[in-house]
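Here's the letter readout for the chains.
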Amino acid sequence: MPATTTPFQWSIQSVTSEGVTIQSARLEVELFLRSTLPGLHLLCEQGWLDTGAPLSVVPFQIHQGRLNWKRIPGVQLIWAGQVCDLGTIDIWLATQETPALRGPFELLAKFPRSDPPNTLVPILIGLEFFLSNQASMNLLPPPQQSTIAMP
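Description of the structure in this document. This structure is a prediction, so every number in the text was calculated from the model and none was measured.

Each value, and the rule that gives it
- Residues numbered from 1 in each chain as written.
- Predicted model: local features only at pLDDT ≥ 70, side-chain atom pairs only at ≥ 80, totals over all residues.
- Heavy atoms only, no water.
- Core = buried A, V, L, I, M, F, W, Y, C linked by side-chain atoms within 4.5 Å.
- Buried < 20%, exposed > 50% of the residue type's maximum accessible area, 1.4 Å probe, protein only.
- Contact = heavy atoms within 4.5 Å.
- Helix = DSSP H or I, 4+ residues; strand = E, 2+ residues; numbered from the N terminus.
- Polar contact = N/O pair within 3.5 Å; in protein donor to acceptor, adjacent residues only side chain to side chain.
- Salt bridge = Lys/Arg side-chain N within 4 Å of Asp/Glu carboxyl O.
- Phe/Tyr/Trp six-rings, centres within 6.5 Å; stacked < 30°, edge-to-face > 60°.

### So, the nonpolar core
Point 1. By size, the foremost hydrophobic cluster in this structure holds 24 residues, and its most contacted members are I91 and F129.
Point 2. With near-sequence residues (within four places) excluded, F129 lies in contact with S56, I91, L93, F105, E106, L107 and M150.
Point 3. Counting residues in hydrophobic clusters, the runner-up holds 6 residues, among them W79, C84, V121 and L124.

### Concerning the side chain of S11
Point 1. Along the polypeptide, S11 turns up in strand 1 (residues 4-17).
Point 2. Within polar-contact distance, the side chain of S11 engages the side chain of E28 at 3.5 Å.
Point 3. Beyond its immediate sequence surroundings of up to four residues, S11 is in contact with S24, A25, R26 and E28.

### A word on the pattern of salt bridges
Point 1. In the structure shown here, the tally under the stated rule is 4 salt bridges.
Point 2. The closest approach of N and O atoms between D85 and R71, which form a salt bridge, is 3.4 Å. Of this pair, D85 sits in strand 6 (residues 82-94) while R71 sits in strand 5 (residues 70-79), placing them 14 residues apart in sequence.
Point 3. Linking D85 and R113 is a salt bridge whose minimum nitrogen-to-oxygen distance equals 2.7 Å. Taken as a pair, D85 in strand 6 and R113 in the loop between strand 7 (101-112) and strand 8 (123-125) lie far apart in primary sequence, 28 residues in all.
Point 4. Among the residues examined, D85 registers a relative accessible area of 8% and is labelled buried.
Point 5. Through salt bridges with shared partners, a single ionic network connects R71, D85 and R113.

### Some details on the packing of aromatic side chains
Point 1. Considering all chains together, one arrives at 3 aromatic pairs under this definition.
Point 2. Arranged with centres 3.9 Å apart and planes meeting at 5°, the rings of W69 and F111 form a pair that is stacked. Residue W69 is located in the loop between helix 1 (60-63) and strand 5, and its partner F111 is located in strand 7; the two are separated by 42 residues in the primary sequence.
Point 3. F111 gets classed as buried once you look at its relative accessible area, which sits at 0%.
Point 4. Taking 6.3 Å as the distance between ring centres and 90° as the angle between the ring planes, the aromatic pair formed by F105 and F129 counts as edge-to-face. Within this pair, whereas F105 is found in strand 7, its partner F129 is found in helix 2 (residues 127-133), the two being separated by 24 residues in sequence. A single burial state applies to F105 and to F129, both of which are buried.
Point 5. These aromatic residues form a ring-pair network of at least three members: F105, F129 and F130.

Printed below as a string of C-alpha coordinates:
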(Lines give C-alpha, C1' and ligand atoms only; values in the text may rest on other atoms or scores of the structure.)
Protein backbone atom coordinates (compact mmCIF):
# COMPACT_ATOMS: atom_id res chain seq x y z
CA MET A 1 0.00 0.00 0.00
CA PRO A 2 1.40 3.46 -0.83
CA ALA A 3 2.28 5.91 1.94
CA THR A 4 -0.50 8.15 3.22
CA THR A 5 -0.51 11.37 5.19
CA THR A 6 -2.74 12.35 8.09
CA PRO A 7 -3.15 16.03 8.94
CA PHE A 8 -2.83 17.38 12.45
CA GLN A 9 -3.18 20.90 13.79
CA TRP A 10 -1.69 23.18 16.37
CA SER A 11 -4.02 24.22 19.19
CA ILE A 12 -2.57 27.23 20.99
CA GLN A 13 -4.12 28.89 24.02
CA SER A 14 -2.95 31.73 26.22
CA VAL A 15 -2.79 30.80 29.89
CA THR A 16 -2.50 33.53 32.53
CA SER A 17 -1.46 32.85 36.10
CA GLU A 18 -0.29 35.35 38.69
CA GLY A 19 -0.14 38.05 36.01
CA VAL A 20 2.11 36.01 33.71
CA THR A 21 0.77 34.90 30.32
CA ILE A 22 2.27 31.96 28.46
CA GLN A 23 1.33 30.17 25.26
CA SER A 24 0.21 26.57 25.76
CA ALA A 25 0.36 24.39 22.65
CA ARG A 26 -1.05 20.98 21.79
CA LEU A 27 -0.85 18.94 18.59
CA GLU A 28 -4.35 17.64 17.79
CA VAL A 29 -5.27 14.72 15.53
CA GLU A 30 -8.54 12.90 14.82
CA LEU A 31 -8.56 9.19 15.66
CA PHE A 32 -11.11 6.54 14.75
CA LEU A 33 -11.39 3.59 17.14
CA ARG A 34 -13.35 0.33 17.14
CA SER A 35 -16.54 0.75 19.15
CA THR A 36 -18.50 -1.61 21.42
CA LEU A 37 -21.62 0.55 21.09
CA PRO A 38 -24.54 -1.02 19.19
CA GLY A 39 -24.78 0.19 15.60
CA LEU A 40 -21.43 2.01 15.63
CA HIS A 41 -18.40 0.37 14.06
CA LEU A 42 -15.98 3.26 14.69
CA LEU A 43 -15.97 6.22 17.06
CA CYS A 44 -14.17 9.47 16.28
CA GLU A 45 -12.10 10.85 19.17
CA GLN A 46 -9.69 13.73 19.53
CA GLY A 47 -6.09 12.84 20.25
CA TRP A 48 -3.04 14.81 21.31
CA LEU A 49 0.36 13.85 19.95
CA ASP A 50 2.49 13.56 23.09
CA THR A 51 6.12 13.40 21.98
CA GLY A 52 7.23 13.28 25.62
CA ALA A 53 5.34 10.05 26.35
CA PRO A 54 6.80 6.64 25.55
CA LEU A 55 3.33 4.99 25.62
CA SER A 56 -0.09 6.18 24.55
CA VAL A 57 -2.94 6.65 27.06
CA VAL A 58 -6.66 6.10 26.45
CA PRO A 59 -8.36 7.85 29.39
CA PHE A 60 -11.03 6.01 31.37
CA GLN A 61 -13.91 8.33 30.36
CA ILE A 62 -13.13 7.56 26.70
CA HIS A 63 -12.60 3.78 26.81
CA GLN A 64 -14.98 2.62 29.55
CA GLY A 65 -17.86 0.75 27.95
CA ARG A 66 -17.30 2.41 24.54
CA LEU A 67 -14.16 1.00 22.94
CA ASN A 68 -13.19 -2.51 21.89
CA TRP A 69 -9.69 -2.96 23.32
CA LYS A 70 -7.71 -6.00 24.44
CA ARG A 71 -6.02 -6.16 27.84
CA ILE A 72 -2.53 -7.64 28.06
CA PRO A 73 -2.76 -9.86 31.17
CA GLY A 74 -0.37 -9.46 34.05
CA VAL A 75 0.82 -5.92 33.28
CA GLN A 76 -0.16 -2.94 35.41
CA LEU A 77 1.19 0.57 34.98
CA ILE A 78 0.53 4.02 36.44
CA TRP A 79 -0.57 7.21 34.66
CA ALA A 80 -1.21 10.46 36.55
CA GLY A 81 -1.44 8.47 39.79
CA GLN A 82 -4.04 6.05 38.38
CA VAL A 83 -3.61 2.29 38.04
CA CYS A 84 -3.71 1.25 34.37
CA ASP A 85 -3.95 -1.93 32.39
CA LEU A 86 -1.71 -2.30 29.36
CA GLY A 87 -3.64 -3.13 26.22
CA THR A 88 -4.05 -2.70 22.50
CA ILE A 89 -6.71 -1.16 20.32
CA ASP A 90 -7.07 -0.80 16.57
CA ILE A 91 -7.18 2.77 15.27
CA TRP A 92 -7.73 4.36 11.88
CA LEU A 93 -6.38 7.73 10.75
CA ALA A 94 -8.01 10.21 8.38
CA THR A 95 -5.89 10.63 5.27
CA GLN A 96 -5.38 13.27 2.63
CA GLU A 97 -5.61 10.50 0.01
CA THR A 98 -8.26 7.96 -1.00
CA PRO A 99 -9.56 6.06 0.90
CA ALA A 100 -10.40 8.68 3.52
CA LEU A 101 -9.43 6.38 6.44
CA ARG A 102 -6.32 4.22 6.72
CA GLY A 103 -5.93 1.39 9.19
CA PRO A 104 -6.25 -0.50 11.30
CA PHE A 105 -3.05 0.35 13.13
CA GLU A 106 -2.42 -1.28 16.48
CA LEU A 107 -2.04 1.19 19.34
CA LEU A 108 -0.32 -0.10 22.49
CA ALA A 109 -1.61 2.00 25.36
CA LYS A 110 -2.27 2.44 29.03
CA PHE A 111 -5.96 2.07 29.87
CA PRO A 112 -6.54 3.72 33.28
CA ARG A 113 -9.06 2.12 35.63
CA SER A 114 -10.19 5.64 36.63
CA ASP A 115 -9.43 9.22 35.67
CA PRO A 116 -7.46 11.64 37.84
CA PRO A 117 -9.70 14.06 39.78
CA ASN A 118 -10.65 17.18 37.79
CA THR A 119 -8.61 16.08 34.78
CA LEU A 120 -10.23 15.27 31.46
CA VAL A 121 -7.88 14.85 28.53
CA PRO A 122 -8.23 13.29 25.09
CA ILE A 123 -6.30 10.23 23.95
CA LEU A 124 -2.54 10.79 24.23
CA ILE A 125 -0.51 9.31 21.37
CA GLY A 126 2.98 8.39 22.58
CA LEU A 127 6.14 7.68 20.64
CA GLU A 128 5.66 3.89 20.69
CA PHE A 129 2.96 4.35 18.04
CA PHE A 130 5.48 6.01 15.69
CA LEU A 131 8.11 3.34 16.38
CA SER A 132 5.79 0.36 15.89
CA ASN A 133 4.23 1.71 12.71
CA GLN A 134 7.42 3.24 11.23
CA ALA A 135 5.54 6.54 10.99
CA SER A 136 7.12 9.95 10.61
CA MET A 137 5.93 13.41 11.56
CA ASN A 138 6.37 16.62 9.59
CA LEU A 139 5.92 19.37 12.18
CA LEU A 140 5.59 22.83 10.64
CA PRO A 141 5.39 26.04 12.66
CA PRO A 142 1.91 27.30 13.54
CA PRO A 143 -0.55 28.04 12.08
CA GLN A 144 0.45 25.65 9.29
CA GLN A 145 -1.05 22.17 9.13
CA SER A 146 1.43 19.37 9.85
CA THR A 147 1.27 15.70 8.86
CA ILE A 148 1.93 12.15 9.99
CA ALA A 149 3.23 9.92 7.18
CA MET A 150 2.41 6.22 7.36
CA PRO A 151 4.29 3.82 5.07
